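Overview (structure and organization)
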Amino acid sequence: MDSASDLIFDSLKEEPIGETDHFLWFITDIGIVALFKREENFETYSSNVEVEANKIALDITKEEKEYLKIEERQLFLFYS
């Protein structure tokens, strides 16, 4: 694993900042992580992530979005 993946993975051990229908949300040293809760169609997750972020008062519309898979966990990383 690279150092960015290590930082993200370590943050997933902490309490999430929120939970929505499809995601658990975490703050990391490099950005906000939306961890997929289940194995579903990627398009389902991608189309819901911004709507669900708004439900927990996160504005991610101006952030860069990157899809990652770390140790079988799927997530979106949002960063500036």
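Scroll up to find the structure this text is about.
None of these values were measured; they are calculated from a predicted model.

1. Things to note about unusual backbone geometry
One non-glycine residue with positive phi stands out, namely Glu71, at about 45°. Structurally, the position occupied by Glu71 is in the loop between β4 (64–70) and β5 (73–79). Judged by its relative accessible area of 47%, Glu71 is partly exposed. The phi angle at Glu72 is positive, at roughly 70°, despite the residue not being glycine. In this fold, Glu72 is placed in the loop between β4 and β5.

2. A short note on the packing of aromatic side chains
Within this structure, the stated rule accounts for twelve aromatic pairs. Where Phe36 meets Tyr67, the ring centres are 6.0 Å apart and the plane angle is 50°; that geometry is what we call tilted. Taken together, the residues span a long stretch of sequence, with Phe36 in strand β3 (residues 32–36) and Tyr67 in strand β4 at a distance of 31 residues. With a centroid separation of 5.1 Å and 85° between ring planes, the pair formed by Phe42 and Tyr67 is classed as edge-to-face. Taken together, the residues Phe42 in helix α2 (residues 42–55) and Tyr67 in strand β4 connect sequence positions 25 residues apart. Note on Tyr67: relative accessible area 35%, which makes it partly exposed. An aromatic cluster is built from Phe23, Trp25, Phe36, Phe42, Tyr45, Tyr67, Phe76 and Phe78, whose rings are joined through pairwise contacts. In this structure, Lys65 packs its charged tip against the face of Phe76, placed 4.7 Å from the ring centre.

3. Observations concerning the nonpolar core
Core analysis: the biggest nonpolar cluster contains twelve residues, these being Phe23, Trp25, Ile32, Ala34, Phe36, Tyr45, Val49, Ala53, Leu58, Ile60, Phe76 and Phe78. Among the elements of the structure, β2 (23–27), β3, α2 and β5 are those that each provide at least two residues to this core. Among all residues touching Phe36, those that are not within four sequence positions of it are His22, Phe23, Phe42, Tyr45, Tyr67, Gln74, Leu75 and Phe76.

About the criteria used
Residue indices begin from 1 for each chain and proceed along its sequence in written order. In keeping with the model being predicted, local features are shown solely for residues with a pLDDT of at least 70 and side-chain atom pairs are shown and tallied solely at 80 or more, while totals for entire chains, interfaces and linings include all residues. Computation of side-chain values covers all heavy atoms of the structure but excludes hydrogens and water. Going along the chain from the N terminus, every DSSP run of H or I of four or more residues is numbered as a helix, and every run of E of two or more is numbered as a strand. Partly exposed describes any residue whose relative accessible area lies between the buried limit of under 20% and the exposed limit of over 50%, with all areas from a 1.4 Å probe on protein chains only and scaled to the type maximum. Two rings from Phe, Tyr or Trp (for Trp, the six-membered ring) form a pair when their centres are within 6.5 Å of each other. A pair whose planes differ by under 30 degrees is stacked, one over 60 is edge-to-face, and the rest are tilted. Think of it as a cone above the ring: NZ of Lys or CZ of Arg counts as a charge over the ring if it is within 6 Å of the ring centre and within 35 degrees of the ring normal. Take the buried residues of types Ala, Val, Leu, Ile, Met, Phe, Trp, Tyr and Cys, join any two whose side-chain atoms come within 4.5 Å, and each joined set is a nonpolar core. Contacts between residues were defined by any pair of non-hydrogen atoms, one from each residue, lying within 4.5 Å.

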